[in-house]
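One letter stands for each residue in the lines below.
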Amino acid sequence: MDHAVRWRRSDKVGHLAFCRSSKRNALRMTDWAKLSDMLEVISKAGVQALIIESLDPEVFSAGSDLVEVEAFSKEPGDAAPFAIAMQRVMQQLGAGPMVTLAAIAGPCHGAGVAIAMACDIRVAGPRATFSIPPAKFGISHPSGDIRRLARLVGPGQAARLLYSAETIDAQEAARIGLVDLLDDDVAARCQDLAQKIAANSGESITLLKGALDRDLLAAGPDQQFLDGFRTADFLRFAGRNRGQV
C-alpha cells in the first residue's frame, strides 16, 4: 500500500507531510492509524514544533477517503473504529507536548480542515480553500471538531460553514478566524515560526498548550457522529457515488 504520510526532523523542528497527492491526500483508515503512530513517536522524540504540510503544494488534504466512508452505508458499525482513529489524531495534535503548525498551501477540505483546526497555529497561502462538506453527504461531524470550529470562528460563522458546506478562500478564512496567518510562502513562514517556538522553553509551552486545549479533549467518539452513517440521505449519497476524491 502506498504511504500517505511521512515525517522528518531537523533538531527540535519536525515536518509531518501528506504524500498521497494522486488522491488529493485523502486519508484511509490505515493512514489515520499510521498518522497516530507517527505522532506518538514524534511526541517522544524531543520535537518542540511540528509542521503539518503536504509534499504537493497544490493540495493540503481532501480529508478522509470517501471510498471507505461510503462503505459505512453497508456496515455502519465500522464507523466507530474510524471515528476513534480520527479523534485520537486530533487529541494528539491538541494535547501533545509539541506546538503544531498547519502549513496550508492548497485546498483543505473535510477532515483536512479538522486536522488544521486541531493544530495550534494555521498558516494559509493564496491558493488555499476550505470547506466542511458533511451536510452534502447526509452525515454529521465529530462534536470535538465542531467545538473547535465554533471556538475559532464563532457560532454564527460555524453554522454558515457547516450548514451551507460552501467553499471559502484563504482571505475569507483569515477574516473569520479559521486561519491565523496569510503568507505567499507558507513553508518559509511556518519554518521561521517553528524555529522561534523551538528556541523557547519546552516546559513552559507544554503548560501553556495544556491550558488552552483542556476543554477540547473529550474522550470517546460521540454518538451523534456515528448515527450520521445510518441516515437515509447518507445511504442515498453512498449509493450514487463511487468515492472519487
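This text gives an overview of the structure that appears in the document. (Residues numbered from 1 in each chain as written. Predicted model: local features only at pLDDT ≥ 70, side-chain atom pairs only at ≥ 80, totals over all residues. Heavy atoms only, no water.)

## Side note on the packing of aromatic side chains
Considering all chains together, one arrives at two aromatic pairs under this definition. With 5.4 Å between their ring centres and 85 degrees between their planes, Phe18 and Phe60 make a pair best called edge-to-face. Here Phe18 is found in strand 2 (residues 13–18), whereas its partner Phe60 is found in the loop between strand 3 (49–54) and helix 2 (66–71), with 42 residues between them in sequence. Across this residue pair, the class does not change: Phe18 and Phe60 are buried. (Phe/Tyr/Trp six-rings, centres within 6.5 Å; stacked < 30°, edge-to-face > 60°. Helix = DSSP H or I, 4+ residues; strand = E, 2+ residues; numbered from the N terminus. Buried < 20%, exposed > 50% of the residue type's maximum accessible area, 1.4 Å probe, protein only.)

## Concerning the sheet that holds strand 6 (residues 121–124)
Taken in spatial order, the six strands make up an open sheet running 1-2-3-4-6-9, and their pairing is mixed. Both edges of this open sheet fall to strand 1 (5–10) and strand 9 (181–182), since each of them pairs with a single strand only. In the sheet, strand 3 pairs with strand 4 (residues 99–104) via four bridges, with the strands oriented parallel. The partner of Ile52 across the bridge, within strand 4, is Ala102. Across the face of the sheet, helix 4 (residues 111–118) comes into contact with strand 2, strand 3, strand 4 and strand 6 while running at roughly 140 degrees to strand 4. (Pairing = 2+ DSSP bridges. Contact = heavy atoms within 4.5 Å. Axes fitted to C-alpha atoms, helices over the stretch in contact; angles between N-to-C directions.)

## Focus: the environment of Tyr163
If you trace the backbone, Tyr163 turns up in helix 7 (residues 155–164). A residue is classified by how much of its surface remains accessible, and Tyr163, at 68% relative accessible area, is exposed. Tyr163 sits 27 residues away from Lys136 along the chain, and the two C-alpha atoms are 9.0 Å apart.

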